[in-house]
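Analysis of the macromolecular model
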Amino acid sequence: MRLRLMLLPPSRLGSSNPRDRGRGGARAHRAKSLIFARPTPYFFGERRDTEGMEARASSAFVGRVRELDQLQGALQAAATGIGTVALVTGDAGIGKTRLVGELATHARCSEFEVLLGRCLDLVGTELPYQPFVEALRPLGALRRVDGRAAGSQLRVFEQTLALLTDRAAVAPVLLVLEDLHWADTSTLDLVIFLAHNL
């Protein structure tokens, strides 16, 4: 099996073309095929300890050089103020986590803020925006918004965009979201909103 890396302009994420959706044009959410990978985070105080990711990435990196070069091109674009969406997809065990771990190490060396969040495979429940809450925790909490109020989802989207934009004004940001195939619809909609507004 092959690892696929797609660097897409943000407008492609919301495509209505069946080929841009899940397998065979199924009625899956238009972002259901997004998979960003990274190791499990650990927290110490307010900052996330990502040393585990660096340790994996510090050993010899074999293969996936072409894919890493493509991702590093996206990092370079982000460093100049051009936002990019990168989708890393592939079968389990093919090296997505290792590839993104290597990218995160390069990003840190280039003075990027690396924000990591993951979706959880919960049984019988969903946690809206859970990977964003986890990834953005070091930057400050998003204000709680009443989910029943009209326009509340848009406020969450705008607050998240503002938080990321404010941080990117200080240093370039690499936002890594893992296991988006487990994400709820609200989370996937936020991914599309952010990608569209890069």
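Above this text sits the structure in question.
Below is a short write-up of the structure.

About the criteria used
Residues numbered from 1 in each chain as written. Predicted model: local features only at pLDDT ≥ 70, side-chain atom pairs only at ≥ 80, totals over all residues. Heavy atoms only, no water. Phe/Tyr/Trp six-rings, centres within 6.5 Å; stacked < 30°, edge-to-face > 60°. Helix = DSSP H or I, 4+ residues; strand = E, 2+ residues; numbered from the N terminus. Buried < 20%, exposed > 50% of the residue type's maximum accessible area, 1.4 Å probe, protein only. Contact = heavy atoms within 4.5 Å. 1 Å grid on protein atoms, 1.4 Å probe; cavity = no way out; pocket = protein on both sides within 12 Å on 5 of 7 lines; lining within 4 Å. Points joined across faces, edges and corners; volume = space filled by probe spheres on them.

Counted under the stated rule, the structure contains two aromatic pairs. On the numbers, 6.3 Å between centres and 90° between planes, the contact of Tyr129 with Phe157 is edge-to-face. Taken as a pair, Tyr129 in the loop between β5 (113-118) and α4 (130-136) and Phe157 in helix α5 (residues 152-170) lie far apart in primary sequence, 28 residues in all. Judged by its relative accessible area of 15%, Tyr129 is buried. A relative accessible area of 8% places Phe157 in the buried class. With centroids separated by 5.1 Å and ring planes inclined at 40°, the aromatic side chains of Phe157 and Phe193 adopt a geometry described as tilted. Of this pair, Phe157 sits in helix α5 while Phe193 sits in helix α6 (residues 185-196), placing them 36 residues apart in sequence. A relative accessible area of 16% means that Phe193 is categorised as buried. Members of the aromatic cluster, connected to one another through ring pairs, are Tyr129, Phe157 and Phe193.

Below, the discussion takes up the environment of Leu194. Structurally, Leu194 is set in helix α6. Leu194 sits in the buried class, given a relative accessible area of 7%. Once residues within four sequence positions are removed from consideration, Leu194 is found in contact with Phe132, Thr160, Leu161 and Leu164.

Before going further, it helps to examine unusual backbone geometry. Phi at Glu111 is positive, roughly 65°, even though this residue is not glycine. Its place among the elements puts Glu111 in the loop between α3 (96-109) and β5. One non-glycine residue, Asp179, adopts positive backbone phi at about 60°. Look at Asp179 and you get buried, because its relative accessible area is 16%.

Let's shift gears to the layout of surface pockets. In this structure, the largest pocket occupies an estimated 850 Å³ of space. Lining the largest pocket are 33 residues, and of these Gly83, Thr84, Val173, Leu175 and Leu198 sit closest to its centre.

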